[in-house]
2 protein chains.
Amino acid sequence: MQSKTLKQIKNLQQKKYRYEFREFFVEGIKSVKEALAFPNVLSIVIEGSRRDEKEFAEIIKTAEKKNVPVEFCGRREVEYLKTTESFPGIMAIIEMPEVVFEDLMDERPIICLDEIKDPGNLGTIIRTADWFGIHNIILSEDSVDPYNEKTVRSTMGSIFRVKILNKYKLSAVLEKIKKEDYKIFAFKANSENEWDGKIPPKSVLIFGSESHGIRAEYVDFADKLYSIKGKGSAESLNLAVSVGIVLSKL
Amino acid sequence: MQSKTLKQIKNLQQKKYRYEFREFFVEGIKSVKEALAFPNVLSIVIEGSRRDEKEFAEIIKTAEKKNVPVEFCGRREVEYLKTTESFPGIMAIIEMPEVVFEDLMDERPIICLDEIKDPGNLGTIIRTADWFGIHNIILSEDSVDPYNEKTVRSTMGSIFRVKILNKYKLSAVLEKIKKEDYKIFAFKANSENEWDGKIPPKSVLIFGSESHGIRAEYVDFADKLYSIKGKGSAESLNLAVSVGIVLSKL
């Protein structure tokens, strides 16, 4: 493979380069296949020794049809590129979508996450949102990057089907949303109202970080606070689990 | 600290020693505090330089009252003991509870997991179960060990409040349960019945692994199959999220 591509993938493991080039990468057959359904695949890298395996051969064919360049890497390059113990045999470089505020104004519910830090949890939330047909997501400016490889991996391909607004000051975004007649609902432990899922389509659901919950400045935006009632003794729910429960009742 | 304790904690990072000694360990203030509410704490290790911090001092007091030995470790020992980048300053060695079939026969719902492999996911499921007041858990004999440090960490203290049956052949356990007049419900993608949470108290809810779902031999035990309906395009839900959604509707 070209040393340029090799270096680029290595670069894209760092946030600053992802945003400099506005590119990220996905790994594994499933994700690359899903990626190819969209127009923004820039190139594909396959482990040379596996190019004849049925699933890889199919991807190569699809890529050719779509004029997506395919390169092959050797064992040494795999060692250099891999982000986990075992390399899944295939990666793709993807053009990062440019999402602006107006893209989310489609009169459908929006999930908003305040200061989410765990990349796996964020990926699971994106996957769960996609499962329930929610495709609008806002992240506070200090959240983890949704295009880092751990998040992308745990979205299991759902990263391609959501619109993520993540570069703007959350307070400014929420102010603007209020003006568009959206209702804002915040999930906060021990709030009086038990979540019943009854919301208008133009709604924003805000969730806080695992460790601190929602910051006060954003709670102030909420038209109503909700909580998920438990019966046991655990102090809290995992954030992705909470989001799943909330969305399942919509 | 005694080199014996040091060596023992290191040993307990391996499954075989955990079961040889029937001990495991927990890390962090929150977990150690929760542990002290139960009688099975064998000893506590605190980073010596932090012994005067308020929360540590309180734990030392509680431990004294309960005759739980406390040892202090130095910087070098921390390097040797820690299981993550940063050491949380405190650990406790815990006696592993001996759970037998009869312990679960309290006429309350049981969660059963077939071949769960991800320790963090298992921990999150235990935490979620505890949140919803479900304390009976069965793991297939080839599941990840619930007392490994990653699982314990992600239970966030709930490990102390659940009963986990994990040493027996799952098919034998399910056969026995059937004879006790429990109903068995299995969650399987694309099953016709949408989950409504309406089950008798004597119920077993079986979930399969993330990658393969429930193995056929266990599906055969089910009185009814359920699925969680989505509206989007994601292929599946994360297992812990699925369990959360299911339990939230009970």
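Quick note: structure is the one above.
Calculation rules
- Residues numbered from 1 in each chain as written.
- Chains lettered and ligands numbered in written order.
- Predicted model: local features only at pLDDT ≥ 70, side-chain atom pairs only at ≥ 80, totals over all residues.
- Heavy atoms only, no water.
- Helix = DSSP H or I, 4+ residues; strand = E, 2+ residues; numbered from the N terminus.
- Rg over C-alpha atoms; globule rule 2.2 N^0.38 Å.
- Buried < 20%, exposed > 50% of the residue type's maximum accessible area, 1.4 Å probe, protein only.
- Contact = heavy atoms within 4.5 Å.
- Areas by Shrake-Rupley, 256 points an atom, 1.4 Å probe, with all protein chains shown as cover.
- Phe/Tyr/Trp six-rings, centres within 6.5 Å; stacked < 30°, edge-to-face > 60°.
- Lys NZ or Arg CZ within 6 Å of the ring centre and 35° of its normal.
- Buried area = accessible area lost by both parts, 1.4 Å probe.
- Salt bridge = Lys/Arg side-chain N within 4 Å of Asp/Glu carboxyl O.
- Nonpolar A, V, L, I, M, F, W, Y, C, P; charged D, E, K, R; others polar.
- Pairing = 2+ DSSP bridges.
- Axes fitted to C-alpha atoms, helices over the stretch in contact; angles between N-to-C directions.
- Parallel < 35°, antiparallel > 145°, perpendicular 65-115°, else oblique.
- Left-handed = near helix turned anticlockwise from the far one by under 90°.
- Polar contact = N/O pair within 3.5 Å; in protein donor to acceptor, adjacent residues only side chain to side chain.
- Core = buried A, V, L, I, M, F, W, Y, C linked by side-chain atoms within 4.5 Å.

Draft legend 1. Up close: the overall build of chain A. Looking only at helices and strands, chain A has 11 helices and 11 strands in total. Radius of gyration (C-alpha) of chain A: 20 Å, near the 18 Å computed for a compact globule of 250 residues. Here the C-alpha coordinates of chain A stretch approximately 60 × 40 × 30 Å along the principal axes. Every one of the 250 residues in chain A was classed for burial, and the buried ones make up 55%. Contacts in chain A between residues at least 24 apart in sequence constitute 81% of all its contacts with a sequence separation of at least 6. As displayed, chain A has an accessible area near 11,600 Å², and 48% of this comes from carbon and sulfur atoms.

Draft legend 2. Layout of the packing of aromatic side chains. A full pass over the atoms with the stated rule returns 16 aromatic pairs over all chains. An aromatic cluster is defined as three or more aromatic residues linked by ring pairs; in this entry it consists of A:Phe185, A:Phe187, A:Trp195, A:Phe207 and A:Tyr226. A cation over an aromatic ring shows up here: B:Lys10 above the ring of B:Tyr80, its NZ or CZ 4.8 Å from the ring centre. The residue whose ring lies beneath B:Arg51 is B:Phe72, and the NZ or CZ to ring-centre distance is 3.7 Å.

Draft legend 3. Layout of the interface of chain B and chain A. Between chain B and chain A, the residue contacts involve 29 residues of the former and 29 residues of the latter. A combined buried area of about 2,600 Å² lies between chain B and chain A, and 58% of that area is made up of carbon and sulfur atoms. Looking only at chain B, the three residues that lose the most surface to chain A are B:Arg127, B:Trp131 and B:Ala234, adding up to 26% of its buried area. Inspection of the chain B/chain A interface yields two salt bridges. With a closest N to O distance of 3.5 Å, B:Glu210 and A:Arg127 form a salt bridge. Sorting the residues of the side of chain B that touches chain A by element identifies α6 (119-131) and α10 (239-248) of chain B as the ones contributing at least two each. Its residues assigned to classes, the side of chain B that touches chain A shows nine nonpolar, 11 polar and nine charged.

Draft legend 4. Structural detail: the side chain of A:Ser140. Residues and elements named next belong to chain A. Structurally, Ser140 is set in the loop between β6 (136-139) and α8 (149-155). A residue is classified by how much of its surface remains accessible, and Ser140, at 1% relative accessible area, is buried. Those residues in contact with Ser140, other than ones at most four positions away along the chain, are Leu113, Asp114, Glu115, Leu170 and Arg215.

Draft legend 5. A look at unusual backbone geometry. Phi angles above zero are rare outside glycine, and A:Arg22 is one such case at about 50°. Tracing the backbone through its elements, the reader meets A:Arg22 in the loop between α2 (15-21) and β1 (23-27).

Draft legend 6. Highlighting the pairing of strand β4 (residues 90-95) of chain B. All names here are of chain B. Among the six residues of β4, five are classified as buried, and the element is accordingly described as predominantly covered. The sheet contact formed by strand β1 (residues 23-27) and β4 spans five bridges and is antiparallel. For Glu27, the partnering residue across the bridge sits in β4 and is Met91.

Draft legend 7. Looking closely at the packing of α6(B) against α10(B). All names here are of chain B. Running from N to C, α6 and α10 cross one another at 15°; their axes reach a closest spacing of 9 Å. One way to sum up the angle between α6 and α10 is to call them roughly parallel. The crossing of α6 and α10 is right-handed. Counting all contacts with α6, which are made through Asn121, Thr124, Ile125, Thr128 and Ala129, the residues of α10 involved are Leu239, Ala240, Val243, Gly244 and Leu247.

Draft legend 8. Region of interest: the environment of A:Thr83. Residues and elements named next belong to chain A. Secondary-structure assignment places Thr83 in the loop between α5 (75-81) and β4 (90-95). Residue classification places Thr83 among the partly exposed residues on the basis of a relative accessible area of 23%. Filtering out sequence-adjacent residues up to four positions away, Thr83 remains in contact with Gln13, Phe25, Glu27, Glu149 and Arg153. Here the side chain of Thr83 touches Glu27 through a polar contact of 2.6 Å, side chain to side chain. Of note is the side chain of Thr83, whose polar atom sits 2.8 Å from the side chain of Arg153.

Draft legend 9. Quick peek at the nonpolar core. Judged by nonpolar contacts, the single largest core of 108 residues is most densely connected at A:Ile44 and B:Ile44. Counting residues in hydrophobic clusters, the runner-up holds 21 residues, among them A:Phe101, A:Ile138, A:Val173 and A:Tyr182.

Draft legend 10. A look at the sheet that holds strand β2 (residues 41-47) of chain A. Residue and element names in this part refer to chain A. Read from one edge to the other, the open sheet built from four strands follows the order β1-β4-β2-β3, with strand pairing classed as mixed. Pairing within the sheet leaves two strands with one partner each, and these edge strands are β1 and β3 (70-73). In this sheet, adjacent strand axes meet at a mean angle of 25° when their direction is disregarded. The strands touched by helix α1 (residues 3-11) within the sheet are β1, β2, β3 and β4, with β4 carrying the most contacts at an inclination of about 75°. Its contacts with the sheet place helix α4 (residues 54-65) against β2, β3 and β4, and it is angled at close to 150° to β2.

Purely geometric numbers; function is a separate question.
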